[in-house]
Every structure is written in C-alpha cells, then in structure tokens.
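Here are the chains, one letter per residue:
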Amino acid sequence: MKVKKLISVAVCALTLASLGAVSASAQTDDVTASLRIEGVKDTFFYGNLTLKASEYSEPTVGDLLCFADESEDSLTITGADIGYITEVNGDKAGTYNPTKYDGWYYTVNGVSPDTGVSDCALSDNDVVVLYYGDYPCSVPKIDTSFFSADGTISFTADSTTYEYNEETGQWNSVTVTVPVTDMSVTLNGSLDYKTDENGKIKVDLLNAGFVSSSISLQVSKLSEYGAPAVLRYAPDFTIDAPDRSCDLYGDADSDGELSIRDVSLMQQYCAKISDLSAKAFISADVNCDCFVDINDVSLTQQALADLVKLPVA
C-alpha cells in the first residue's frame, strides 16, 4: 500500500464544501445554544441565544450565527448567510499568514465538525465557539488532576493530519494528542507561566497566595505571523483551588494504615521506578513542601518508629 503523508493541510472548517447536511428531525421546540465568539484580541460575544421553532424547523450553526448578527448590535458577521465566515467585527480572514490560512473556525461542544456552519445541525444546549486562528490553531484541553498535589497543570490538543492512499484515492484523517508547548498561562490575572516541552506548567503552591475556592485561568499563544495559535478559554473560565487535605499522611498506598509498604512505594517514586497518584502524592508529602523526596521517606520511617508525628511541616 502506498501512502503519501500531508503533514499540514489547510482545511478550514468554515470553508469546506458541503459534505451533505447533518440530518436533523424537524424541531418542535425552541433551541437555545451558547455562543462565544473569540476575535484576534477580544471576546466579541458570549451568551445564550434562542432560535424559535416557528422560524427554524431544522436549525444549523449558520442559522445561529445569522441570528446573532441580526439581533446583537455589537456584532457584524460577514458571510453567516452563506456559511463562509470571512470577517467578524473587523477581524478579516487571511490578514496575518501569507498563505491566507488564518481565518474563522468553529467548534460545537468542543469538537471541530467536518462540515461548514450551514450544514452543521444545531441541538438544544449546544455550545458553539466561533474563533479566529492561524492554521493549525490548537484547542487546548486542560488536566488539573495533579494541581493540588504538586502544582502541575497540563495542556494537550488534538492534532489532525491527512494521509492520501493512492490505491483507494482517498484522504484519511489521523488524529493524535500532542502537548501544547510555549503557551502563556495566566492565573488570577497576575501569575504568569509558560508551558514546557510537555505542555505543563508548575505553580508554586506554597507562595501562590490563593485565597478563594476558584482560580481564573486564561491562555494565549500567537503564531509566527501574529495570529492566535490557540483558542482562548471563556472569560469566566476557572479551575478549583488546590485542596491538599489528607486523611493519613504517609499512607502512600491509600489503604488507611501506615506501613513499611508506604515507605517502599515512596522510595520507588523517588527512584523513578513507579508513579504515585495525585491522592497518594499528597499523602506521601509528609513535610508539605509539594515534593516527595528522600526527606519524606526518612520522616515516614521515623513515624513508623514513633519518633515523629506526621505531618512534619
């Protein structure tokens, strides 16, 4: 089988020729959807819109954008009526990248459809994001599972390439998950970080000074031409503040008891032989410094000998 790989194919979801309308049964109820429009530098719109069943029997994302253009004085959307978005509030497609692949893209419920907006069916409670970006423009997924443990937040995105099969004459898409690197991340409007080669940042929890139960988080990254290279999060996007509460310090195996097995697991972690879950990490961090190292091993051994009481801050 002969396969040619095309690493970067400029496929703008809003400019695709129709692949056939996504089927939808006639609507008997109104459809309310969330719409967010992210321009190059600003959020142009963020709110809910309702399409009346009496006016839209089978509403599409294109209908939603047309309705937004007609009903919102703050919006001017060019091309919504034909399903080919070329400009919103002065942000015109093809302004930055010489190859003209920068422009308007969209997602529905976090997924980039393979049809134009006029052919993408809209359902009640759908979340639609229309955004300006270079090609490719990453849609970052966030992983905060280790945030409370050691301050780590990870960002990944789906990357799609296309392979041409000469025997079948067809293009096949291949999607993989990749880290979002060199991206600016801001917490609570003032704490600034940059993602590393693994798409991670590490927050200094001991000195961050978080006082509320939620933390605002925003991301940004520009392509070499100055167009957005990542989709920003919603203006009100937040993550939970770190919770480092622990039922039993030193309990690395989470069995509710302190034993030599806990010490062994901590030693294996320090030697990079095995990992600890986020919950186990917090338990193993017996001196509460957001690290698990030989000091924690030693203190846990002393606790087993009744020489110290955990935690030892």
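Residues numbered from 1 in each chain as written. Predicted model: local features only at pLDDT ≥ 70, side-chain atom pairs only at ≥ 80, totals over all residues. Heavy atoms only, no water.

**With respect to the overall build of the protein**
Link 1 in the chain: Looking only at helices and strands, the protein features five helices and 16 strands.
Link 2 in the chain: What you see for the protein is a C-alpha radius of gyration of 25 Å, clearly larger than the 20 Å of a compact globule of 313 residues, by over 25%.
Link 3 in the chain: Reported as C-alpha extents along the three principal axes, the dimensions of the protein are approximately 75 × 50 × 40 Å.
Link 4 in the chain: A total of 313 residues make up the protein; the buried ones form 41% of that total.
Link 5 in the chain: Look at the contacts in the protein between residues 6 or more apart in sequence, and 59% of them connect residues 24 or more apart. (Helix = DSSP H or I, 4+ residues; strand = E, 2+ residues; numbered from the N terminus. Rg over C-alpha atoms; globule rule 2.2 N^0.38 Å. Buried < 20%, exposed > 50% of the residue type's maximum accessible area, 1.4 Å probe, protein only. Contact = heavy atoms within 4.5 Å.)

**Details of the sheet that holds strand E5 (residues 87–88)**
Link 1 in the chain: Sheet architecture is open: three strands sit in the order E4-E5-E6, paired in antiparallel fashion. One side of each edge strand has no neighbouring strand; the edge strands of this open sheet are strand E4 (77–78) and strand E6 (91–92).
Link 2 in the chain: Both E5 and E6 contribute to a ladder of two bridges, which runs antiparallel. Of the residues in E6, the one forming a bridge with Glu87 is Lys92. (Pairing = 2+ DSSP bridges.)

**Considerations on the packing of aromatic side chains**
Link 1 in the chain: All chains considered together, the criterion is met by eight aromatic pairs.
Link 2 in the chain: Measuring from ring centre to ring centre gives 6.1 Å for Tyr96 and Tyr132, while their planes differ by 75 degrees; the resulting arrangement is edge-to-face. With Tyr96 in the loop between E6 and strand E7 (103–108) and Tyr132 in strand E8 (residues 127–133), the pair connects residues that are 36 residues apart, well separated along the chain.
Link 3 in the chain: Looking at Tyr132, the relative accessible area reads 2%, which means it is buried.
Link 4 in the chain: An aromatic cluster of three or more residues is present, and its members are Tyr96, Trp104 and Tyr132. (Phe/Tyr/Trp six-rings, centres within 6.5 Å; stacked < 30°, edge-to-face > 60°.)

**Looking at the pairing of strand E2 (residues 31–38)**
Link 1 in the chain: Among the eight residues that make up E2, seven are buried, leaving the element largely enclosed by the rest of the structure.
Link 2 in the chain: Alignment of E2 against strand E3 (residues 43–51), held across eight bridges, turns out to be antiparallel. Looking at the pairing, Val31 lines up with Leu51 of E3.
Link 3 in the chain: Between E2 and E3, which follow one another and run antiparallel, lie four residues.
Link 4 in the chain: Note that E2 and E8 share five bridges and pair parallel. Among the inter-strand pairings, Ser34 is bridged to a residue of E8, identified as Val127.

**Observations regarding the pattern of salt bridges**
Two side chains carrying opposite charge are able to pair once their charged atoms lie near each other.
Link 1 in the chain: A complete count under the given rule lists six salt bridges for this structure.
Link 2 in the chain: Here Glu38 ties to Arg36 by a salt bridge, and the two come within 2.8 Å at their closest N and O atoms.
Link 3 in the chain: Residue Arg261 is joined to Asp253 by a salt bridge in which the shortest nitrogen-to-oxygen separation is 3.4 Å.
Link 4 in the chain: The class of Asp253 is buried, set by a relative accessible area of 19%.
Link 5 in the chain: The network of salt bridges with common partners includes Arg36, Glu38 and Arg232. (Salt bridge = Lys/Arg side-chain N within 4 Å of Asp/Glu carboxyl O.)

**Examining the sheet that holds strand E13 (residues 191–194)**
Adjacent strands of a sheet pair through backbone hydrogen bonds, lying either parallel or antiparallel.
Link 1 in the chain: Spatially, the four strands line up as an open sheet ordered E13-E12-E15-E16, and their pairing is antiparallel. Of all the strands in the sheet, the pair left with one neighbour each is E13 and strand E16 (238–240). Averaged over all pairs of adjacent strands, the angle between their axes in this sheet comes to 30 degrees, without regard to strand direction.
Link 2 in the chain: In this sheet, E13 lies alongside strand E12 (residues 184–187) in antiparallel orientation, the contact comprising four bridges. Bridging from a neighbouring strand, Ser184 pairs with Lys194 of E13. (Axes fitted to C-alpha atoms, helices over the stretch in contact; angles between N-to-C directions.)

**With respect to the side chain of Asp296**
Link 1 in the chain: Its place among the elements puts Asp296 in helix H5 (residues 294–304).
Link 2 in the chain: Lacking a salt bridge, the buried Asp296 has Arg244 as its closest oppositely charged neighbour, with an N-O distance of 8.4 Å.
Link 3 in the chain: Apart from residues lying up to four places away in sequence, Asp296 is in contact with Met266, Ala284, Asp285, Val286, Asn287 and Phe291. (Lys, Arg positive; Asp, Glu negative; His and termini not counted.)

**A short note on the layout of surface pockets**
Link 1 in the chain: Taken as a whole, the second largest pocket holds about 280 Å³ of empty space.
Link 2 in the chain: If you go around the second largest pocket, the residues you meet are Asp143, Ser145, Phe146, Asp150, Thr152, Ser154, Lys200, Tyr269, Asp275 and Leu276.
Link 3 in the chain: Here the residues of the lining of the second largest pocket are counted per class, giving three nonpolar, three polar and four charged. (1 Å grid on protein atoms, 1.4 Å probe; cavity = no way out; pocket = protein on both sides within 12 Å on 5 of 7 lines; lining within 4 Å. Points joined across faces, edges and corners; volume = space filled by probe spheres on them. Nonpolar A, V, L, I, M, F, W, Y, C, P; charged D, E, K, R; others polar.)

**Focus: unusual backbone geometry**
Link 1 in the chain: Of note, the amide linkage connecting Tyr135 to Pro136 takes the cis form, showing an omega dihedral of -5 degrees.
Link 2 in the chain: In this structure, Pro136 sits in the loop between E8 and strand E9 (141–143).
Link 3 in the chain: Of note, the amide linkage connecting Leu310 to Pro311 takes the cis form, showing an omega dihedral of 0 degrees.
Link 4 in the chain: With respect to the secondary-structure elements, Pro311 resides in the segment after H5.
Link 5 in the chain: Backbone geometry places Asn109, a non-glycine residue, at a positive phi of 55 degrees.
Link 6 in the chain: Tracing the backbone shows Asn109 in the loop between E7 and E8.

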